[in-house]
Amino acid sequence: MTCAKTLSVALWCFGMALVSGNASATPHIQNWQTAVGARVLFVEDHDLPMLDVAVDFAAGSAFDTAEQSGVAGMTHGLLDLGSEGLSEDDISRNTADIGAQLGGRFEPDRAGISLRTLSSPTERNHAIDIMARVLQHPLFPDAVLAREKSRLIASLKEAETKPESIADKAFNKAVFGTHPYGFKSSGEVDTVEKIQRADLEAFYRAHYGAKGAVVAIMGDVTRAEAEAIAQQLTDHLPPGGASATVPPVSMQIQPSEQRIAHPATQSHILIGVPGMARNDPDYFPLYVGNYVLGGGGFVSRLMNEVREKRGLAYSVYSYFMPMQQPGAYQIGLQTKKDQADEALQLTRTTLHEFIAKGPTEKELIAAKQNIIGGFPMRIDSNKKIIDYLSVIGFYNLPLTYLDDFVGKVDKVTVAQIRDAFKRHVNPDAMATIIVGAPEHPVENGK
Amino acid sequence: MQIKWFKNSAALAAFTTLLLSAAVHAEVFEKTLVNGLKVIVKEDHRAPVVVQQVWYRAGSIDERTGTTGVAHMLEHMMFKGTKSVPAGEFSKRIAAAGGRENAFTNEDYTAYFQQLQTSKLPLAMQLESDRMHNLNLSDAEFSKEVKVVMEERRMRTDDEPHSLLNEKLMAVAFQEHPYQHPVIGWMNDLLSLTAGDAREWYKTWYAPNNATLVVAGDVKTAEVFKLAQRYYGPIPAGKLPVRKPHNEAPQTGIKRIVVKAPAELPYLLMAYHAPELRNPQQDWKPYALEVLAGILDGNESARLNKSLVREQQLASDISASYDPTSRGPSMFTLDGTPSSGKTVADLEAGLRQQIAQLVNDGVSEDELKRVKVQVTAGEVYKRDSVFYQAMQIGQLESIGLGYKAIPVMLQKLQEVTAQQVQDVAREIFQDDNLSIAVLDPQPISGERKHANMGGSHDLR
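None of these values were measured; they are calculated from a predicted model.

A. The arrangement of the interface of chain A and chain B in detail. Listed per partner, the contact involves 75 residues of chain A and 69 residues of chain B. At the junction of chain A and chain B, the tally comes to nine salt bridges. With a shortest N-O distance of 2.7 Å, D89 of chain A and R310 of chain B are connected by a salt bridge. Taken together, the residues of the side of chain A that touches chain B sort by class into 27 nonpolar, 22 polar and 26 charged.

B. Inspection of the side chain of K412 of chain B at higher detail. Residues and elements named next belong to chain B. Relative to the helices and strands, K412 is located in helix α15 (residues 405-415). Looking at K412, its side chain comes within polar contact range of the main-chain oxygen of Q281, at 2.9 Å. Sequence-distant contacts of K412, that is, excluding residues within four places in its chain, are made with P280, Q281 and Y287.

C. Spotlight on the packing of helix α10 (residues 283-295) of chain A against helix α15 (residues 401-411) of chain A. Residue and element names in this part refer to chain A. With their axes 10 Å apart at the nearest point, α10 and α15 run at an angle of 65 degrees to one another. The chirality of how α10 crosses α15 is right-handed. Residues Y283, F284, Y287 and V288 of α10 form the contact with α15, whose participating residues are Y401, F405, K408 and V409. Considering only residue class, the contact of α10 with α15 consists of seven nonpolar, no polar and one charged.

D. Here's a closer look at the nonpolar core. Core analysis: the largest hydrophobic core is formed by 137 residues, its most contacted members being I217, L233, Y401, F421 and V425 of chain A. When near neighbours in sequence (up to four residues on either side) are disregarded, F421 of chain A contacts P285, L286, G289, N290, F320, Y329, F354 and I355 of chain A.

E. How the structure looks around the sheet that holds strand β6 (residues 214-219) of chain A. Residues and elements named next belong to chain A. In spatial order, the strands read β1-β2-β6-β3-β5-β4; together these six strands make up an open sheet with mixed pairing. Across the chains shown, the open sheet's two edge strands, defined by having one partner strand only, are β1 (30-33) and β4 (101-106). When strand polarity is set aside, the average angle formed by the axes of neighbouring strands in this sheet is 15 degrees. With eight bridges connecting them, strand β3 (residues 50-57) and strand β5 (residues 111-118) associate as antiparallel partners. If you follow L51 over to β5, its bridge partner there is T117.

F. View of the packing of helix α13 (residues 365-381) of chain B against α15 of chain B. Residue and element names in this part refer to chain B. The N-to-C vectors of α13 and α15 enclose an angle of 160 degrees; their axes lie 9 Å apart at closest approach. Classed by the angle they form, the pair α13 and α15 counts as roughly antiparallel. Both α13 and α15 take part in a crossing whose hand is left-handed. Of the residues in α15, those touching α13 at K372, V375 and T376 are L410, L413, Q414 and E415. Of the residues belonging to the contact of α13 with α15, the class tally is three nonpolar, two polar and two charged.

G. Just the packing of aromatic side chains, in detail. Taken as a whole and judged by the stated rule, the model has 32 aromatic pairs over all chains. Between F320 of chain A and F421 of chain A the ring centres are 5.7 Å apart and the planes differ by 65 degrees, which places this aromatic pair in the edge-to-face class. In this pair, F320 of chain A is assigned in strand β9 (residues 316-322) and F421 of chain A in helix α16 (residues 414-424), connecting sequence segments 101 residues apart. Classification of F320 of chain A as buried rests on a relative accessible area of 10%. Judged by centre distance (4.9 Å) and plane angle (80 degrees), the ring pair of F394 of chain A and Y395 of chain A falls under edge-to-face. Y395 of chain A sits in the buried class, given a relative accessible area of 14%. A network of ring pairs unites the aromatic residues Y283, F284, Y287, F375, Y388, Y401 and F405 of chain A as a single cluster. For R131 of chain B, the ring lying beneath its charged end belongs to F79 of chain B, and the centroid distance is 4.7 Å. One residue, R131 of chain B, lies across the ring of F90 of chain B, its end atom 3.7 Å from the ring centre.

Criteria and thresholds
Residues numbered from 1 in each chain as written. Chains lettered and ligands numbered in written order. Predicted model: local features only at pLDDT ≥ 70, side-chain atom pairs only at ≥ 80, totals over all residues. Heavy atoms only, no water. Contact = heavy atoms within 4.5 Å. Salt bridge = Lys/Arg side-chain N within 4 Å of Asp/Glu carboxyl O. Nonpolar A, V, L, I, M, F, W, Y, C, P; charged D, E, K, R; others polar. Helix = DSSP H or I, 4+ residues; strand = E, 2+ residues; numbered from the N terminus. Polar contact = N/O pair within 3.5 Å; in protein donor to acceptor, adjacent residues only side chain to side chain. Axes fitted to C-alpha atoms, helices over the stretch in contact; angles between N-to-C directions. Left-handed = near helix turned anticlockwise from the far one by under 90°. Core = buried A, V, L, I, M, F, W, Y, C linked by side-chain atoms within 4.5 Å. Buried < 20%, exposed > 50% of the residue type's maximum accessible area, 1.4 Å probe, protein only. Pairing = 2+ DSSP bridges. Parallel < 35°, antiparallel > 145°, perpendicular 65-115°, else oblique. Phe/Tyr/Trp six-rings, centres within 6.5 Å; stacked < 30°, edge-to-face > 60°. Lys NZ or Arg CZ within 6 Å of the ring centre and 35° of its normal.

Purely geometric stuff here, so don't read any function into it on its own.
What follows is the structure, given as structure tokens:
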């Protein structure tokens, strides 16, 4: 089958590909609540003899306070380092003994534990037993806490010498001020030093409640087995935990520019503002528009101007981080010190022009072709599908999110993108961070 | 257009190589075209997508002193246009087809890939076959792109103390073998590299008889062979130069270096020369070493983390790695960061004690079994990624072992005995065989104390 290059035909081909392929078009998502109120999303798929499970909570670093920054991360980090009846070594050794893999996720909004195991009953049951204990009966042992605090403090001190970490920290502060999205996700040296076991227990009880839990299950089990698994993983969670909301982000920031000295050979440049929330009605116009500006890999405007035309950087990008509240919109690049001002100027000019005029029709078509044509690759593995299940469940997206995705992208117009960017990204009121700034800064144009 | 230092990427090694195996091995088909291009197809119909990878048997191992980095530089230039496809168009056309693409270079090979919906495979083949023999290597594009590569080097090596340490250690550990050179190239070489060097490299190595085409996904094998013949078949075979053997003479005593760079924490890297896998049927040491890496660092309760991080609290991070699949000699590496209040000397002593324990007391049956179970499970998990399965095939072909080694390697890993692990540990963990690098952290404020950073070379 060959396709002409117009979008409508490309879409038709895409449809055909799904129909002719023997894999299901989009996965069929089953959805229910456990007895204790946890939300479950399940996709049954028996192609491979394996099972993926993830349980997430509204327990990320956004639920820290400034005085106790790091408690959320430490609570999450210690979940699999000691449970009732299982030492930290028991947990990792027993997991390895059955070839299972226990993992985790820690973000500003979400914190969770994930499991990959063979689906054969012996391995699966054993793996779920371990995961259930890790989630529901953590001990937060004092000795482990002391050791992990010391390791974390060492790595925080190390991070304070790295240009990319210094830039991230300054950026988050400039964009979010005192909002918890501005906290360093793992905490600060002085707040981590103060963490006590009781802090972890309190955080756990408050944020790992059954009603806020989102269980995602993907793979080789039946609906009845999935129901039993979800129940086993949530029955003994602390009660409550339903409505953990992150405080609103103040969207207007003062324009700022910080130049921070560092002996690195390159300057690390970050530019940004608070961007968009997960449920923002402008989600698709902003997502598609950003593909054109700096999200589209080798074909974005920023890549073309900064790298392809002038060789100023290896990496230059822009992205939105959609969360419960608006996460950052960030543009970033690294370049040799003495050309940092040139690259910064060029990036700003490119951004200004994009905000003023939006993408061209041709660019929009190219963006849609890539995003729509690439849709099958978003769901071509169990790993990718379970990640979608977790996001859909956690952010209360419609269960038809994947079915609707292509249509929503296709409907985006140039006018919508221009309008949405104008309302979300004011190029004259952004935070700029330059770490490893040129030693003799040139007078900065704008 | 990224480079990957597989060999240097400690995190990957133990586990990735453990995954190199195939319990439930779906069929793989191969055909060699008249021009010498080997075509390998792995059908996987779980999703309507396909990956195409073209692997050239040309990496930094094939480079000469003075033009290091040219293999990777050429990888970047492969996106800069052909006689019929202008610069930048390759990426635009793949993007318009919904595709994702990139390329990577390491010591042993250079590879290019696209992931697309299945119906777009002909487009990917058309573009990839075109740049196999029609590349337009202009001076103007080269002079811009070499600056991009220098930025890549600054970002990934010069300003990354652990990478810098690794680069300098390899330069010391290998005295004769080209693995002494970094894949990205020395900054001094990049400064004098020319489009002519890249053209020479392209002419020498980019030919169907020096390449492997791997296609995996929702395809029919016969159709892929037909497409491959149509697009790649007409490309004439090249005359490949005779490859000189590269051997590293045995090391005759311990080597130690110190590297100063801006950082807070010191860091220790110990590298022992170790055998690579040459004959998958008859070799046993590489398998024993893979199992050993798993016993030391295969999970959180494995020996190094359990003893040095959790119990003795000598290290805040520790790892062991070994990858036997390479064209040249392998290394078994141990690396770690001392915990606060401890020194690199304390950590080195702790690691040496672990080694002594291995050599004297061997390993338990439980430890052995745990590693083998993880290998078997990993074989199932591997099937969730079509891309990774294609990677494994391409990599093994490129280093000369061939994808047919996959089931053999799995079988051989399962046969490793505790005695073999102890024997191989005794053989390789010797000071005469060891190179050690230590990061001496420098303050980031005030005068630059570190010398010999790439960035001290001014471009203009």
